[in-house]
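Read off the chains here:
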Amino acid sequence: MPAASTGASVITGAASPSRPSLPAADSRMAPGGPGYRRMSLALFLAGVATFALLYSTQALLPLISGEFGVPASDASWTVSAATGALALFVLPMSALSERFGRRTVMTASLAVAVTVGLLVPFAPSLGALIALRAVQGAALAGLPASATAYLAEEVRPRALITAIGLFVAGNSVGGMSGRVITGWVAQEWGWRVAVAVIGVVAVGCAVAFRLLLPAPRHFRTGSLRPRVLARTVRTHLANPLLRRLYAIGALFMTVFGGVYTVIGYRLTEAPFGLPQGIVGSVFLVYLVGTVSASTAGKLVARLGRRGALYLAGGTTTAGLLLSLSDALALVLLGLVLITAGFFAGHAVASSAVSHTAKEGRAQASALYQSAYYIGSSAGSTLGAVAFHAGGWSGTVGLGLLVVLGVVTVTVLGSRAAARSVRVPAAA
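Predicted model, so just to flag it, every value in this text is computed and none were measured. Here the residue numbers are simple positions, counted from 1 along each chain's written sequence. The predicted origin of the model limits local features to residues at a pLDDT of at least 70 and limits the giving and counting of side-chain atom pairs to 80 or more, whereas totals for whole chains, interfaces and linings rest on all residues. For side-chain calculations, the full set of non-hydrogen atoms in the structure is used, while hydrogens and water are omitted.

Helix and strand content of the protein: 16 helices and 0 strands. Expected size for 427 residues packed as a compact globule is a radius of gyration near 22 Å; at 21 Å, the protein falls within 12% of this value. Dimensions along the principal axes, computed over C-alpha positions, put the protein at roughly 80 × 50 × 40 Å. Burial classes follow relative accessibility: with a 1.4 Å probe on protein chains only, a residue under 20% of its type's maximum area counts as buried, one over 50% as exposed, and anything between as partly exposed. A total of 427 residues make up the protein; the buried ones form 55% of that total. Whether two residues touch is decided by their heavy atoms; if any such pair falls within 4.5 Å, the residues are in contact. Of the contacts made within the protein by residues no fewer than 6 positions apart, 84% connect residues no fewer than 24 positions apart. Throughout, the Shrake-Rupley method with a 1.4 Å probe supplies accessible areas, and for residues the shown protein chains are the sole cover considered. If you sum the accessible surface of the protein, you get close to 16,800 Å²; carbon and sulfur atoms cover 68% of it. If you average the places of the 31 positive and of the 10 negative side-chain charges in the protein, the two averages end up 16 Å apart. Secondary structure elements are defined from DSSP: runs of H or I of at least 4 residues count as helices, runs of E of at least 2 residues count as strands, and each element is numbered from the N terminus. Taken over C-alpha atoms, the radius of gyration is set against a globule rule of 2.2 Å times the number of residues to the power 0.38. Only four residue types enter the tally: Lys and Arg on the positive side, Asp and Glu on the negative side, with His and both chain ends excluded. Where a charge lies is defined by one atom per residue type, namely NZ (Lys), CZ (Arg), CG (Asp) and CD (Glu).

Turning our attention to helix 2 (residues 61–68). Taken as a whole, helix 2 has its buried residues at Leu 61, Pro 62, Ile 64 and Ser 65. All buried residues of helix 2 fall inside an arc of 165° around its axis, so they share one side. This arc is built from the directions going out from the helix axis to the C-beta atoms.

Orientation is described by axes fitted as lines to C-alpha atoms, over the contacting stretch for helices, and by angles from 0 to 180 degrees between their N-to-C directions. Where helix 1 (residues 36–54) meets helix 6 (residues 126–140), the closest approach of the two axes is 10 Å, and the angle between their N-to-C directions is 160°. In terms of orientation, helix 1 lies roughly antiparallel with respect to helix 6. At the point where helix 1 passes helix 6, the crossing takes the left-handed sense. Between helix 1 and helix 6, the contacting residues are Thr 50, Leu 53 and Leu 54 on the first element and Arg 133, Gln 136, Gly 137 and Leu 140 on the second. Think of it as three bins: nonpolar holds Ala, Val, Leu, Ile, Met, Phe, Trp, Tyr, Cys and Pro, charged holds Asp, Glu, Lys and Arg, and polar takes everything else, Gly as well. Looking at the contact of helix 1 with helix 6, its residues break down into 3 nonpolar, 3 polar and 1 charged. The cut-offs work like this: below 35 degrees is roughly parallel, past 145 is roughly antiparallel, 65 to 115 is roughly perpendicular, and the gaps in between are oblique. Should the near helix be turned anticlockwise from the far one by less than a right angle, the crossing is left-handed, and should it be turned clockwise, the crossing is right-handed.

Taken as a whole, the largest pocket spans an internal volume of roughly 230 Å³. Here a cavity denotes a set of grid points, spaced 1 Å apart and computed over the protein atoms alone, in which a 1.4 Å probe fits but from which it cannot get out, and a pocket denotes an open set meeting protein on both sides within 12 Å along at least five of seven lines; residues with an atom within 4 Å of a point are reported as lining. Lining the largest pocket are Pro 157, Leu 160, Ile 161, Gly 297, Val 300, Ala 301, Arg 305, Val 348, Ser 351, Ala 352 and His 355. Elements with a minimum of two residues in the lining of the largest pocket: helix 8 (157–189), helix 14 (296–322) and helix 15 (328–356). Within the lining of the largest pocket, the residues separate by chemical class into 7 nonpolar, 3 polar and 1 charged. Grid points are joined across faces, edges and corners, and a volume is the space filled by probe spheres set on the points.

Here's what the structure looks like:
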């Protein structure tokens, strides 16, 4: 299959038939090299805008429930609609990025998303709010897969996991700042003003992103033909390693989405009874995710990919168990561990997808992002249902079951890797 039709990066050159060609210098970006800092900051800001907009209503769910007179399971759809729409549209958006370019699609996606973000505060009903959030999620679908494909094409392989870690770190900062800002603003002026402020912040991030991001140098225009896209998707889904990575991303995000969708309800109720501003500040623990995501490369270098995933799963499990306590300090420590485990696992899995896919990287990343946000949507809904049925213990029980799924998939990967080593040795 031609590389141009799959989105894989290629650098062509003519070699003399009479003498061996010298290896060409790698012109892709690397830490300390030209454009790397601008690229890192641009995608960091894109990550900030994406997560700030995508989860702008999550910390405000108790207030939304109060205004519209609905339970947590209904209000949670303002989160699930956005993440679900993103999951549905990420693959078509990745195909558009193959044809029109990563930077173009990311810029257009941010422009539409921030425009909708400025309309969200004026939603007259819960149904209208959910509809606007779905449109916003669909627009944001152009960011995740295009960003990771851009990095895979423009950054040297040894620096790839660090670069993707910085993008994921931007996600964590956006998720944290969005929730903290909305918490304090909503306490004084209500949830509508809070989401309006997030919209304005996202506009600033979008403008800075477009001004900073270097023009792609290694992108090759791909095909929009459905047959080519379907063949590429089938190839990725036939890869057992990619399937396991997609499952791990979805499962990690199910835990994370469930916990953070209902944590606001738990902290505003007895025995804590915290005000909305303090509840929003709890999301400062996202800074832990910034650190764990940006250091994922070192973690993999020391423990290997599967070792890093085991550690991430164990850390998340410890956090879930600690959060069962009625002592606020232990609950906060539990959230710290859950956040650290999630972002480390996500950075490891997403970078492994980009490393594994040699062709059609945008589609490979899109499938991961689709699974990831399906997990987010499922976690938001199932976490709220579990909380309604069994309180915080119900949400934790759901999380533990899902983490067991992460460990099981990773064990299967370890066994498959061992078999692949034994077979050539026996031969």
